[in-house]
Amino acid sequence: MAVYIDVVTGFLESGKTTFIKELFTKKRKESYEKIILLVCEEGEKEYDLHFLEANHIILYMVEDPKEITDELFDRIEQMEEPDYILVEYNGTWDINPLLNVKIPNYYTFRNIVYVSEAETFFHYLSNMSALLHPHIKNSDYVIFNRFENINNSQKRRYKKQVRNINSNTKPYFLNKPADHKTLFDSFAPGEQFKTLITPGMVIALFIMILLCFLSNEILIRIYQYIQEISVSFLSILIQALPFILLGAFISSLIQVIIPSSRILNIISKHNIKSFIVAAFAGFFFPVCDCGLVPMISGLLKKRAPLPQIMTFWLTSAAVNPIVILSVLYAFPGNPRIAILRVLAGLFTGIMVGVILMILKIKTKDVLNDNLSFQTIGGDFLEVDKESRFYKASAVIKGTQIEFFRVLKYVIIGALVSSVGLLFLPETIQNFIGANVLIQYLIMLIAAMFMSTCSTSNAFIARSFTTSFSYPSILSFMALGPMLDFKNLIIFSETLKKGFLVQICVLTGVIGLITYSLLNLFI
Amino acid sequence: MRGNKNIEVLIQMIILVSIALFLTFLLVTNKINYYVHPRYRLGIWACAVTLFLLAFRLIFELRKGRHNSNSRKYAIYMIPLVFAIVFPVVEGGNANKVIAESANSSVLDEITNLEDKTESSLGDSEDENALNDSVEYDYLFDEDGSTYEEPEDKSLKYPTEMIDGVISISEEYFASWYYDLYDYLEDFKGKRYQFLAQVYSMEGLGEDEFLAGRYIMVCCATDLTGYGIVCKSDFREELKEDQWILVTATIDEYDYNGTKIPYLADPVIEKAEAPADEYVYYNFY
């Protein structure tokens, strides 16, 4: 018979004891015969003898985190042979030693519950996130009690915060655990049965049944379509992987090594010079745009000023030496195209930056709320700070975290782009010879959804020369990396969606001005 | 006695290792060339090695206890692997088969030496897969500064030695030769060429006509296109799609929807073996 270990954790006075007592108030069908209650709070004698005896509870007091060892559980097993262990854990202790203990094979950690007073939660979270974070991350439930003064929008915000730490953790606003049946039942004695059929399974089954009824021809057609999408998707991904890894490394390096103030000092002087520096900084980072996105995100997480960083990002493709070379080679004997491409990129990027500065949009307003947990400050990396190689191992761990985080968005973006690629070229053909404004719009849409790397989009643009005018081709090349849908999806991890829409519209409008200027002069 | 298993770290390790293995598999079997331009090879090797190292580092975290780890969120990382296994890449991939854009545009008139500038740096190294970028850049800058004269007759850019009145176009020249052929048809007319090609069919061609061409890749498989020249043969039915042939033919012109495009006259077609690299890669830098 399995022995479950349930853990209730949280700060002192958070309502852990009440929670535990409540677990035993309502009668259940089955009950345990011997329960060990491991209390990790100092001195507090809150459980009276009557309560303990009535519920067959034996109290164990642990007053020092060093006592949480393999031997403790070994001793409990040898001496008591309990059928249930409940741990009231100390919220100020590191939770990892508890999870790291070697327990007998038939022992299982079942539920970990984090209990918090609703009103103080946000305060603790913002000031002691390094302490709270591991507790919540390992919890199955977060229970907020004494929530009467909390309004609904705040509740939503709390829930969002918890889900951002671990989307598997379920946040509840409850004063009594018995009020919530699912929660209460998960503490019930006896084996637990989890639902075996998930909605995903039903959908998969439905699709498979549907496929059985389709004719061979349609199936072959579908297979071919998916095959084509698969090749485009994987090729975009494979090509991007080295750059993403490099970008993740640089981003991690920026976040771990360089102190925030340093970066701020370099580019936060609000003058024209800072924009010029930002605009040409891309020259020194000759990587593909998908590698630059994680780096930009890293800078923004360090609270670098938004206008200059956006200028840096938007112009990076224009001043990238590899891009310039590729344009020169795609349009040989016509260096004017390359020069105009650089100028158009610089103009658009600097204008957007200046407008952002005039609008006084601050970095912290556009970052996603949950970002306090997504920065890879030394706290969350959980590496040994004493070690001589602390910084090196933090950077490597950070690289891995960033890599996983960015890769997710790259996968989604590449998938969207490869589906777009299947249909877009044919659609574009329908608009050959359209008027000037429509040409611009078509190129804008193509730039967004074709997701071609900035280093090669000159060659794609070349193939449009027969059907589109020069200015529209130039805007395709210049706006391509700025509005690339894949990049936007990667950015959506860091930046608010509203702001991304704003920046797209802004770039599109400035792009149109640039385009009209080009039309006048060519 | 056992410790608490850290499923999350285990899953991360599996993902890293399987991506790295997939990349290594592609590199070792050369299938990577179906997906991306060979110039990325070095970067992808570096990437695979780094991923292996990251996975190795995670071994030390395996013993760290973890409760309620969210393993479902890792499903998304499996998508590429599922795609790679269920829909393996085939030759030709997602390429459209077309004839090049004609030379009406003013830009294309100026499109000239795309490959011949780099060919001497590339030509020496047979295994140009692991391209050394820096060497090439130096070369490009030197070349841009110098007084490189474009020959008046574009056909002179390519080998002119004839064996039995036939000029052989090797793989490395094919892409730029093909583009020049479309842009400066007059210069090439009447010359007899031999080249390795594949048989493509295209809508709008006659029953005994086909395209003799190659798949050309600029950057990755999303831009892969099968470019071909119209050719007429009495044995058209015997030629299968994508079959490898050695074409010997004289360049002539052909009226295609009102534009003059190259045409392969008096073709002699022999069956041929597939080359090591099925695609032709466009080396612009």
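The structure presented is a predicted model; accordingly, all values stated were derived computationally and were not measured. Every chain is numbered independently, its residues counted from 1 as its sequence is written. Naming scheme: in the order in which they are written, chains are lettered from A and ligands are numbered from 1. Residues qualify for local features only when their pLDDT is at least 70, as the model is predicted, and side-chain atom pairs are given and counted only at 80 or more; totals for whole chains, interfaces and linings, by contrast, use all residues. With hydrogens and water excluded, all non-hydrogen atoms of the structure serve as input to the side-chain values.

A. Here's a closer look at the overall build of chain A. Numbering of helices and strands starts at the N terminus; helices are DSSP runs of H or I of at least 4 residues and strands are runs of E of at least 2. Across its full length, chain A carries 24 helices and 7 strands. Put simply, chain A has 522 residues, and 55% of those count as buried. In this description, contact between two residues means that some pair of their heavy atoms is separated by no more than 4.5 Å. Counted over contacts in chain A with a minimum sequence separation of 6, partners at least 24 positions apart contribute 80%. Surface accessibility of chain A: about 23300 Å² in total, with carbon and sulfur atoms responsible for 63%. To sort residues, take the accessible area from a 1.4 Å probe on protein chains only and compare it with the maximum for the residue type: under 20% means buried, over 50% means exposed, and anything in between is partly exposed. Accessible areas in this description were obtained via Shrake-Rupley with a 1.4 Å probe; residue shielding takes into account the shown protein chains only.

B. Seen up close, helix α20 (residues 436-450) of chain A. Taking 1.5 Å of rise per residue, the 15 residues of α20 of chain A would be expected to cover 21 Å, and the 21 Å separating its terminal C-alpha atoms lies within 8% of that figure. What α20 of chain A keeps buried is the set Q439, Y440, I442, M443, L444, A446, A447, M448 and M450 of chain A. Expected span, for any helix, means 1.5 Å times one less than how many residues it has.

C. Inspection of the packing of α20 of chain A against helix α24 (residues 497-521) of chain A at higher detail. All names here are of chain A. Only C-alpha atoms enter the line fits that serve as axes; for helices the fit covers just the stretch in contact. Angles between N-to-C directions range over 0 to 180 degrees. At a minimum axis separation of 11 Å, α20 and α24 run at an interaxial angle of 135°. With respect to α24, the element α20 is oriented oblique. Here the hand of the crossing between α20 and α24 comes out right-handed. Between α20 and α24, the contacting residues are V436, L437, Q439 and Y440 on the first element and G508, G511, L512, Y515 and N519 on the second. Reported orientations rely on four angle classes, namely roughly parallel under 35 degrees, roughly antiparallel over 145, roughly perpendicular from 65 to 115, and oblique for the rest. Crossing handedness is read from the near helix: turned anticlockwise from the far helix by less than a right angle, it gives a left-handed crossing, and turned clockwise, a right-handed one.

D. Spotlight on the sheet that holds strand β2 (residues 35-39) of chain A. Residue and element names in this part refer to chain A. Strand pairing is assigned whenever DSSP detects at least two bridges linking the two strands. Taken together, the 7 strands give an open sheet; going across it, the order is β3-β2-β4-β1-β5-β6-β7, and neighbouring strands pair in parallel fashion. Among the strands making up the open sheet, the edge pair consists of β3 (57-61) and β7 (170-173). The mean inter-strand angle of the sheet, taken between neighbouring strand axes irrespective of direction, is 20°. With 5 bridges joining them, β2 and β3 adopt parallel strand pairing. What sits directly across from I35, in β3, is I57. Contacting β5 (107-117), β6 (141-145) and β7, helix α5 (residues 118-127) crosses the sheet at an angle of about 100° to β5.

E. Quick look at the pairing of strand β1 (residues 3-9) of chain A. Residue and element names in this part refer to chain A. For β1, the tally of buried residues reaches 7 of 7 residues, placing the bulk of the element in the interior. Residues V3, I5, V7 and T9 of β1 are buried on one face, and the alternating residues Y4, D6 and V8, pointing to the opposite face, are buried as well. In the sheet, β1 pairs with β5 via 6 bridges, with the strands oriented parallel. Bridged to V7 within β5 is I112. Sheet topology places β1 next to strand β4 (residues 84-88); 5 bridges connect them, and they run parallel. What sits directly across from V7, in β4, is V87.

F. Structural view of the packing of aromatic side chains. By convention, a stacked pair of Phe, Tyr or Trp rings (six-membered ring in the case of Trp) has centres within 6.5 Å and planes under 30 degrees apart, an edge-to-face pair has planes over 60 apart, and any other such pair is tilted. Within this structure, the stated rule accounts for 38 aromatic pairs over all chains. A centroid spacing of 4.8 Å and a plane angle of 25° characterise the contact between F144 of chain A and F173 of chain A, whose relative ring orientation is stacked. Of the two residues, F144 of chain A sits in strand β6 while F173 of chain A sits in strand β7, which places them 29 residues apart along the sequence. Under the relative-accessibility criterion, F144 of chain A is labelled buried at 0%. Here F173 of chain A falls in the buried class, since its relative accessible area comes to 13%. Taken together, a centroid distance of 6.3 Å and an interplanar angle of 45° make the contact between F188 of chain B and Y193 of chain B tilted. For the pair F188 of chain B and Y193 of chain B, one class covers both residues: buried. Linked through ring pairs, F174, W177, Y178, F188, Y193, F195 and Y227 of chain B together constitute an aromatic cluster. The ring of F173 of chain A carries the charged tip of K155 of chain A above its face, separated from the ring centre by 5.3 Å. Two thresholds decide whether a charge sits over a ring: the Lys NZ or Arg CZ must be within 6 Å of the ring centre and within 35 degrees of the ring normal.

G. Expanded view of the side chain of E278 of chain B. All names here are of chain B. Locating E278 in the fold gives a position in the loop between β7 (259-271) and β8 (279-281). One buried charged residue, E278, forms no salt bridge at all, with the nearest opposite charge on R214 at 7.7 Å. In protein, a polar contact requires one atom able to donate a hydrogen and another able to accept it; more generally it is a pair of N or O atoms within 3.5 Å, and residues adjacent in sequence count only if both atoms are side-chain atoms. Here the side chain of E278 touches Y34 through a polar contact of 3.1 Å, side chain to side chain. For E278, the residues in contact, after removing those within four places along its chain, are Y34, E91, Q198, R214 and W244. Asp and Glu are treated as the negative residues and Lys and Arg as the positive ones, with His and the ends of the chain left uncounted. When a carboxyl oxygen of Asp or Glu lies within 4 Å of a side-chain nitrogen of Lys or Arg, that pair is called a salt bridge.

What is shown is where atoms sit, not what they do.
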